[in-house]
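Geometric and topological summary
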Amino acid sequence: MGRILIAGTNSSCGKTTITCAIMQALKNRGIDLTGFKCGPDYLDPSFINDVIGVRAYNLDSFMMSEDTIKYLLSEHESEVSVIDGVKGYYDGYMFTDKASTSEMALITKTPTILVVDCKNMEASAAAILYGFIRYSKNTIKGVIFNRLNPLIYDGMKKVCEELNIKCLGYVPGFKSVVSENKNLSLVTELEINEIKNKMMGLAKAVEKTVDIDQIIEIAKSAKPIKAKRIDIPYVGRTKIAVACDKAFCLNYADNIEILERMGAEIVKFSPMQDEKLPEDVNGLFISGGYPEMFASALAKNKSMLDSVRDAVRGGMPAIAESGGFMYLHESILDITGVSQRMAGAIDGECTRMQPFNNYGYVEMTADESNLLLKKGEAIKTYEFHRYESSNPGSALRVRKNGEEWRHIHATDTLYAGFPHLNFYSNVKMAERFMKACLG
């Protein structure tokens, strides 16, 4: 077993594209892989899963405890686990190291490969590398230079020798396949095949200038993780309907797997295409997605809207987060500015907000017990939404960056709001949902 973490000097330095190209190259060699993404982003794990064909999960040191992170790494580990960093290596929450890539590397004791963007730089790239190595405690063992002029590569190798880190090669620079196409729900099957072909091409290109064999050796140098096992109780057999189509495609893989381990049979359905909710289901989960982009198709499927409204209002245990929360409203103002009918399980309309500032980590506390939380219980989570609701709910107190407001519709049978949920921030949430589904 081995693992590496690939970090960047900054956002948009090419880290994720290089990470995916390396993963594809490793897979092409027949190596069994697992992918991980630092932070709450759904899209990169989805890209890794759907394009490279490698199962990918999220690790988040804001929402999860250190023990949970170690458990998830050990639970999903394979021959080589590849962790894709987030933002710049040292960039954390509110100018701290919390939720930073560097913190994740230290928690998991994972050797780091740093991607340094050298566009329009020569000696300055060496200064950046010196700074990253010496700024703070880290696990950086090697470096890949992106968009480097090959004529100065020998000079950069000498810098690496002085810093006692491995010089693993360079990438002359290529168009990002990941950043332009990571939202796979918005492309066709034909386009996905084209993206897969491009990724294969990038993997072949990386093999020419990056030392993949040395990367494997660095991964093998990672020390085994001692992880405390998290008790995932078996609750009982029940059927849970999970929305799954282009409009509702953003869900943590672990959320579904934890429900299955507790005994749930997951029945996927399409709010856009299916006539009604699946038969004999006992619970409903509508995750995030892009209902505003597919609002017309959702609105035309009146029988499904009625089925969801009747189920929620009738007391079927239901979780609706972000895009799913929007879907439960009476209407959505779609991306063209047209008001489209939605399920109507929650009064009010969702409209696009200006300016967009609803993103980032939040902490939520329940004033009263509800479907997922006990009175006084708090969870850490994440929000990212460009829409606002005329009826956001008030069941939970939400705190972010020193500000506090009220949000969430929460009853004994319903959780609905913009913030996304990760059940590994509090396993009891999944257990309570399961028990409610069992009645």
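Before going into details, it helps to say that this report is about the structure given with it. (Residues numbered from 1 in each chain as written. Predicted model: local features only at pLDDT ≥ 70, side-chain atom pairs only at ≥ 80, totals over all residues. Heavy atoms only, no water.)

1. Looking at the overall build of the chain
A count of helical and extended segments in the chain gives 14 helices and 21 strands. Compactness check: the chain gives a C-alpha radius of gyration of 23 Å against a globular reference of 22 Å for 439 residues, within 12% of the reference. Expressed along its principal axes, the backbone C-alpha trace of the chain runs to roughly 70 × 45 × 40 Å. Counting only contacts in the chain whose residues sit at least 6 apart along the sequence, the fraction spanning at least 24 positions is 75%. (Helix = DSSP H or I, 4+ residues; strand = E, 2+ residues; numbered from the N terminus. Rg over C-alpha atoms; globule rule 2.2 N^0.38 Å. Contact = heavy atoms within 4.5 Å.)

2. Looking at helix H8 (residues 189–209)
What sets the pattern is the α-helix's 3.6 residues per turn: residues three or four places apart point alike. Spanning 21 residues, H8 covers 31 Å between terminal C-alpha atoms, matching the ideal 30 Å at 1.5 Å per step. Every buried residue of H8 is listed here: Ile192, Ile195, Met199, Leu202, Ala203 and Val206. Seen along its axis, H8 keeps its buried residues to an arc of 105 degrees; they face one direction. Every exposed residue of H8 that faces more than 90 degrees away from the buried side is listed here: Leu190, Asn197, Lys204 and Lys208. (Expected span 1.5 Å × (residues − 1). Buried < 20%, exposed > 50% of the residue type's maximum accessible area, 1.4 Å probe, protein only. Arc of directions from axis to C-beta.)

3. With respect to the sheet that holds strand E13 (residues 339–341)
Taken in spatial order, the four strands line up as E13-E12-E14-E17 in an open sheet, and their pairing is mixed. Looking at strand neighbours, the two that pair on one side only are E13 and strand E17 (387–389), the edges of this open sheet. Taken over all neighbouring pairs, the strand axes of this sheet differ in orientation by 25 degrees on average, direction set aside. Where strand E12 (residues 329–333) meets strand E14 (residues 346–352), three bridges bridge the pair, whose relative direction is parallel. Looking across to E14, one finds that His329 is bridged to Ile346. (Pairing = 2+ DSSP bridges. Axes fitted to C-alpha atoms, helices over the stretch in contact; angles between N-to-C directions.)

4. Comments concerning the pairing of strand E11 (residues 318–321)
Two faces belong to every sheet, and in a regular strand the side chains alternate between them. Both faces of E11 are covered, namely the face carrying Ala318 and Ala320 and the face carrying Ile319 and Glu321. Here strand E10 (residues 283–286) runs beside E11; their pairing, made up of three bridges, is parallel. Note that in E11 the partner of Phe285 across the bridge is Ile319. Of the strand pairs in this sheet, E11 and strand E21 (residues 414–417) are connected by four bridges, and their pairing is parallel. When the bridges of E21 are listed, Glu321 appears paired with Gly417.

5. Considerations on the sheet that holds strand E6 (residues 140–146)
In a beta sheet, neighbouring strands are held together by backbone hydrogen bonds and run either parallel or antiparallel to one another. Pairing in this open sheet of seven strands is parallel, and the strands run E3-E2-E4-E1-E5-E6-E7 from one edge to the other. The sheet is open, and its two edges are formed by strand E3 (56–59) and strand E7 (166–171), each paired on a single side. Here the strands of the sheet are splayed against their neighbours by 25 degrees on average, with no regard to which way each runs. Sheet topology places strand E5 (residues 112–117) next to E6; six bridges connect them, and they run parallel. Directly across from Asp117, in E6, lies its bridge partner Asn146. Against the sheet, helix H5 (residues 123–135) touches strand E1 (2–8), E5 and E6, its axis set at about 150 degrees to E5.

6. Observations regarding the nonpolar core
Within the largest apolar cluster, 72 residues are counted, with the highest numbers of intra-cluster contacts made by Leu129, Phe145, Ile240 and Leu259. Among the elements that take part in this core, helix H14 (residues 427–438) stands out by supplying six residues, more than any other. Not counting the four nearest positions on each side in its chain, Ile240 is found in contact with Leu259, Ala264, Glu265, Ile266, Val267, Gly283, Leu284, Phe285, Phe433, Met434 and Cys437. Counting residues in hydrophobic clusters, the runner-up holds 46 residues, among them Met316, Ala320, Tyr387 and Phe418. (Core = buried A, V, L, I, M, F, W, Y, C linked by side-chain atoms within 4.5 Å.)

7. Quick look at unusual backbone geometry
The backbone of Asp280 sits at a positive phi, close to 60 degrees, despite the residue not being glycine. The exposure class of Asp280 is exposed, given its relative accessible area of 60%.

8. Structural notes on helix H12 (residues 302–313)
Between its first and last C-alpha, H12 extends 16 Å over twelve residues, near the 16 Å set by a 1.5 Å rise per residue. Of the residues trailing H12, Gly315 is marked for its positive phi of about 100 degrees.

9. Side note on empty space enclosed by the protein
One pass over the structure, following the stated rule, counts one cavity of 30 Å³ or more. Considering only enclosed or pocket space, the largest cavity measures out at about 30 Å³ in volume. Counting residues per element, the ones that place at least two in the lining of the largest cavity are E3 and helix H10 (253–261). Here the lining of the largest cavity is composed, by residue class, of four nonpolar, two polar and one charged. (1 Å grid on protein atoms, 1.4 Å probe; cavity = no way out; pocket = protein on both sides within 12 Å on 5 of 7 lines; lining within 4 Å. Points joined across faces, edges and corners; volume = space filled by probe spheres on them. Nonpolar A, V, L, I, M, F, W, Y, C, P; charged D, E, K, R; others polar.)

10. A word on the pattern of salt bridges
In a structure, side chains of opposite charge can pair up when their charged atoms sit close to one another. One pass over the structure, following the stated rule, counts 25 salt bridges. Arg406 is the partner of Asp367 in a salt bridge, and the nearest nitrogen-oxygen pair spans 2.1 Å. In this pair, Asp367 sits in the loop between strand E15 (359–366) and strand E16 (378–384) while Arg406 sits in strand E19 (residues 403–407), placing the two residues 39 residues apart along the sequence. Overall, the relative accessible area of 24% leaves Asp367 in the partly exposed class. Look at Arg406 and you get partly exposed, because its relative accessible area is 38%. A salt bridge links Glu377 to Arg432; the shortest N-O distance between them is 2.7 Å. With Glu377 in the loop between E15 and E16 and Arg432 in helix H14, this residue pair connects regions lying 55 residues apart in the sequence. As far as the burial class goes, Glu377 and Arg432 line up, both buried. (Salt bridge = Lys/Arg side-chain N within 4 Å of Asp/Glu carboxyl O.)

11. What about the side chain of Asp44?
Positionally, Asp44 belongs in helix H2 (residues 43–52). A relative accessible area of 4% places Asp44 in the buried class. At a separation of 3.0 Å, a polar atom in the side chain of Asp44 contacts the side chain of Lys37. (Polar contact = N/O pair within 3.5 Å; in protein donor to acceptor, adjacent residues only side chain to side chain.)

12. Points about the pairing of strand E9 (residues 264–269)
Sheet topology places strand E8 (residues 238–243) next to E9; six bridges connect them, and they run parallel. Bridge pairing links Ile240 to Ile266 in E9. Between E8 and its parallel partner E9, the chain crosses via H10, and the hand of that crossover is right-handed. (Right-handed = clockwise from strand over helix to strand, strands pointing away.)

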